[in-house]
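Architecture at a glance
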Amino acid sequence: MMMRWENVLWKLGNTSAAHAAITEAVNHRASVFQTSHILEAEIMGSARKYMDMRHPDPRNLDGIRFINSDLQIRGAWKKLRVASTSTALLTPRIGPSIAVYNGKFKGYTRIIYLSSGCLYVFGGEHSDTSVLVDGWVLNLRDFDGWRPVAGPPPRTPPIYHQPLIVHEGKGYLFQGQNTVRVFDFDSERWNEVTTQLRNGDPWRKLIPKNYLIAFAAHLYNDKIYVFGGREEWGEYGRNVMMSLDIKTLLWDVWSGTPGIKGDVTIAGPRAYACSWIEGDKFYVTLGSAKRKDRGPAADYTYLDIWSFDLVAHKWTEEKFSGNGPSFRTQSAYTFNAAWNKALIFGGTHRAPVSIYDILHYSFFVGYNAKILGSQPEINATVLGIYLADTFAWCSQNKRWLHVITKGFPTYRSCAEMFTDSSAGRTYLFGGCKFSSPKPDPILSELIRIVFG
């Protein structure tokens, strides 16, 4: 079955999903037969072609064609030129807290009111300087250069994949503490507010380590809804859905538990999930759960889609079809209301064809050279695959579409995708790729996607 899926997906140009299908086929053969004869099976011949392939692969662009409007949609990426200034240089980074604000904007010489929004970027990490504590803003109408603004207040924990939620002229930065940092977009100054659990429990009962990263967060009816994330790098992940009432500064917990407990009725524990709100539903898909005993290349990556009803406060695992992404984590994502679609770009997933697992089976050790052609290929599988494909989710028919583009941004994970709702435009910013065990941040480029 998976071999047939691999063939169909290959013809549609969705090579990352085809790669995932052949991986599942190899895993099935290995678990059923547990014998070195798998190396001689026809399936390994099909799997071998993916070992040095990227997704999408520049050598195969002619094979990625628009052939089915039910499974594909046309799109185009355009790298934008941001004016440089002699006084402001933005450090490349991953994991910043970002937000688009539509209101008055302080330019270098005057205050203007924008028909387009402005992008605010705070903190994050750089491979050389580590934790960043600065702040920047960019006018998305004129792209006339990055302007520095006040960074987070002193004693703020490191900012890493913690969304900045915009509400009534302010940006709310939740970092897993009961103290929430608040940025005023008009004065461009920070302050803090103290929150508490509505039921009166101590805060550390909910988040014992008092710090949370890589969670999903969105605004709905004066409330900030937060799902998942990790309290530290090595943690498995969380499945807690909770919300902060901005008016009362009280938290409610709707589902999940701080500890790891199996529950098939709600979305599984994960970090780096893709998420968005459409209508009265909070959608969650992809992401990963950490597996300490297997190493970083063996994190469990998700492919499911869940929706949380923000009125009934209940989870539903969605049935879906179409031509969608492969298992992955650390993808960029956004929802564009003008297009009525959620968009996902890139990310990473662990070793292809489960070579990382295969190398740990004793009966495969003597056959590594037959599977992998070179040491660089082995190294690539341990570090994982970095992706540059784009997908759109349509909630009306619960279907994935593969976005067919002639060119595409650099392969990356941990990028930020955002939508300027005032102009209906979607952008991609930053991210990184591992060419060694240390991340190499991408230059702070800004790229826009259009459909048509």
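All of these numbers come straight from a predicted model, not from anything done at the bench. (Residues numbered from 1 in each chain as written. Predicted model: local features only at pLDDT ≥ 70, side-chain atom pairs only at ≥ 80, totals over all residues. Heavy atoms only, no water.)

1. Quick look at the overall build of the chain
Regarding its fold elements, the chain presents 7 helices and 32 strands. Per-residue burial for the chain yields a buried fraction of 56% across its 452 residues. Here the contacts in the chain between residues at least 6 apart in sequence split such that 61% fall between residues at least 24 apart. (Helix = DSSP H or I, 4+ residues; strand = E, 2+ residues; numbered from the N terminus. Buried < 20%, exposed > 50% of the residue type's maximum accessible area, 1.4 Å probe, protein only. Contact = heavy atoms within 4.5 Å.)

2. Topic: the pairing of strand E6 (residues 130-139)
Burial analysis of E6 places 7 of its 10 residues in the buried class, which makes it a mostly covered element. Here strand E5 (residues 118-126) runs beside E6; their pairing, made up of 8 bridges, is antiparallel. Paired with histidine 126 across the strands is serine 130, a residue of E6. (Pairing = 2+ DSSP bridges.)

3. Points about the side chain of serine 326
Of note, serine 326 is situated in the loop between strand E23 (321-322) and strand E24 (332-336). Judged by its relative accessible area of 2%, serine 326 is buried. In this view, serine 326 contacts Ser16, Ala17, Ala20, Leu286, Leu303, His349 and Leu387; residues no more than four positions away in its chain are not counted.

4. A few points about the pattern of salt bridges
Using the criterion set out here, one finds 14 salt bridges in the structure. Here arginine 270 and aspartate 304 are joined by a salt bridge, their closest N and O atoms 3.0 Å apart. Here arginine 270, found in the loop between strand E16 (250-255) and strand E17 (274-278), pairs with aspartate 304, found in the loop between strand E20 (300-301) and strand E21 (305-309); they are 34 residues apart in sequence, far enough to count as distant. Grouping residues by exposure puts arginine 270 and aspartate 304 together as buried. Because the salt bridges share partners, they merge into one network encompassing Lys281, Glu318 and Lys398. (Salt bridge = Lys/Arg side-chain N within 4 Å of Asp/Glu carboxyl O.)

5. Overview of the packing of aromatic side chains
Scanning all chains against the criterion turns up 26 aromatic pairs. These aromatic residues form a ring-pair network of at least three members: Tyr101, Tyr120, Phe122, Phe183, Phe185 and Trp190. It is arginine 74 that lies over the ring of phenylalanine 66; its NZ or CZ is 4.0 Å from the centre. Over the ring of tyrosine 302 we find arginine 270, and its NZ or CZ is 3.7 Å from the ring centre. (Phe/Tyr/Trp six-rings, centres within 6.5 Å; stacked < 30°, edge-to-face > 60°. Lys NZ or Arg CZ within 6 Å of the ring centre and 35° of its normal.)

6. Things to note about the pairing of E16
As paired elements, strand E12 (residues 196-197) and E16 share 2 bridges and run parallel to each other. Across the sheet, residue glutamine 196 finds its bridge partner in E16, namely leucine 250. Here 5 bridges tie strand E15 (residues 241-245) to E16, and the two strands are oriented antiparallel to one another. Among the inter-strand pairings, aspartate 245 is bridged to a residue of E16, identified as leucine 250.

7. Quick look at the environment of isoleucine 22
Its location among the elements puts isoleucine 22 in helix H2 (residues 15-33). With a relative accessible area of 0%, isoleucine 22 lands in the buried category.

8. Quick notes on the side chain of histidine 19
Within the secondary structure, histidine 19 sits in helix H2. Here histidine 55 takes part through its side chain, which lies 2.9 Å from a polar atom of the side chain of histidine 19. (Polar contact = N/O pair within 3.5 Å; in protein donor to acceptor, adjacent residues only side chain to side chain.)

9. A short note on the sheet that holds strand E22 (residues 314-317)
Here we have 4 strands laid out as an open sheet, ordered E17-E18-E21-E22, and antiparallel in their pairing. Both edges of this open sheet fall to E17 and E22, since each of them pairs with a single strand only. If you compare each strand with its neighbour and ignore which way they point, the axes differ by 20° on average. As paired strands, E17 and strand E18 (residues 281-285) are joined by 5 bridges and run antiparallel to one another. Across the sheet, glutamate 278 pairs through a bridge with lysine 281, a residue of E18. (Axes fitted to C-alpha atoms, helices over the stretch in contact; angles between N-to-C directions.)

10. Considerations on unusual backbone geometry
Geometrically, the link from histidine 55 to proline 56 is a cis peptide bond, its omega value of -5° lying close to zero. Note that proline 56 resides in the loop between helix H3 (42-48) and strand E1 (72-80). Positive phi values are uncommon outside glycine, yet glutamine 330 reaches one of about 55°.

11. Re the sheet that holds E6
Taken in spatial order, the 4 strands line up as E2-E5-E6-E7 in an open sheet, and their pairing is antiparallel. Of all strands in the sheet, those with a lone pairing partner are strand E2 (97-101) and strand E7 (147-149), marking the two edges. When the angles between neighbouring strand axes are averaged without regard to direction, this sheet yields 25°. Summarising the sheet, E2 and E5 pair through 5 bridges and their orientation is antiparallel.

12. Topic: the nonpolar core
Buried together is how nonpolar side chains tend to be arranged in soluble globular proteins. Counting 19 residues, the largest nonpolar core has Phe174, Ile224, Val226, Met242 and Trp251 as the members making the most contacts within it. Contributions of two or more residues to this core are made by strand E10 (179-184), helix H4 (203-206), strand E14 (223-227) and E15. By size, the runner-up hydrophobic cluster in this structure holds 18 residues, among which are Leu343, Tyr386, Tyr411 and Ala415. (Core = buried A, V, L, I, M, F, W, Y, C linked by side-chain atoms within 4.5 Å.)

13. A closer look at the state of the cysteines
Two cysteines form a disulfide when their sulfur atoms are joined by a covalent bond. If you walk through the whole model with that rule in mind, you get 0 disulfides. In this structure cysteine 414 is not part of a disulfide, and its nearest cysteine sulfur, from cysteine 432, lies 4.7 Å away. Take cysteine 414: its relative accessible area is 3%, and that puts it in the buried class. Judged by relative accessible area, which is 1%, cysteine 432 ranks as buried. (Disulfide = S-S within 2.5 Å.)

14. Description of the confidence of the model for the chain
The predicted model of the chain has a mean per-residue pLDDT of 82, with 77% of residues at 70 or higher. Confidence drops under pLDDT 50 across residues 107-115; counting only partners more than four residues distant or on other chains, this segment forms 27 contacts. For the stretch residues 352-383, pLDDT sits under 50, and the model shows 59 contacts to residues farther than four places along the chain or on other chains. (pLDDT = per-residue confidence, 0-100.)

15. Considerations on the environment of isoleucine 344
Position of isoleucine 344 relative to the elements: it lies in strand E25 (residues 341-349). Sequence spacing of isoleucine 344 and threonine 334 is 10 residues, and the spatial spacing of their C-alpha atoms is 6.9 Å. Dropping the residues within four chain positions of it, isoleucine 344 is found in contact with Cys274, Thr285, Leu286, Ser331, Ala332, Tyr333, Asp389, Thr390, Phe391 and Trp400.

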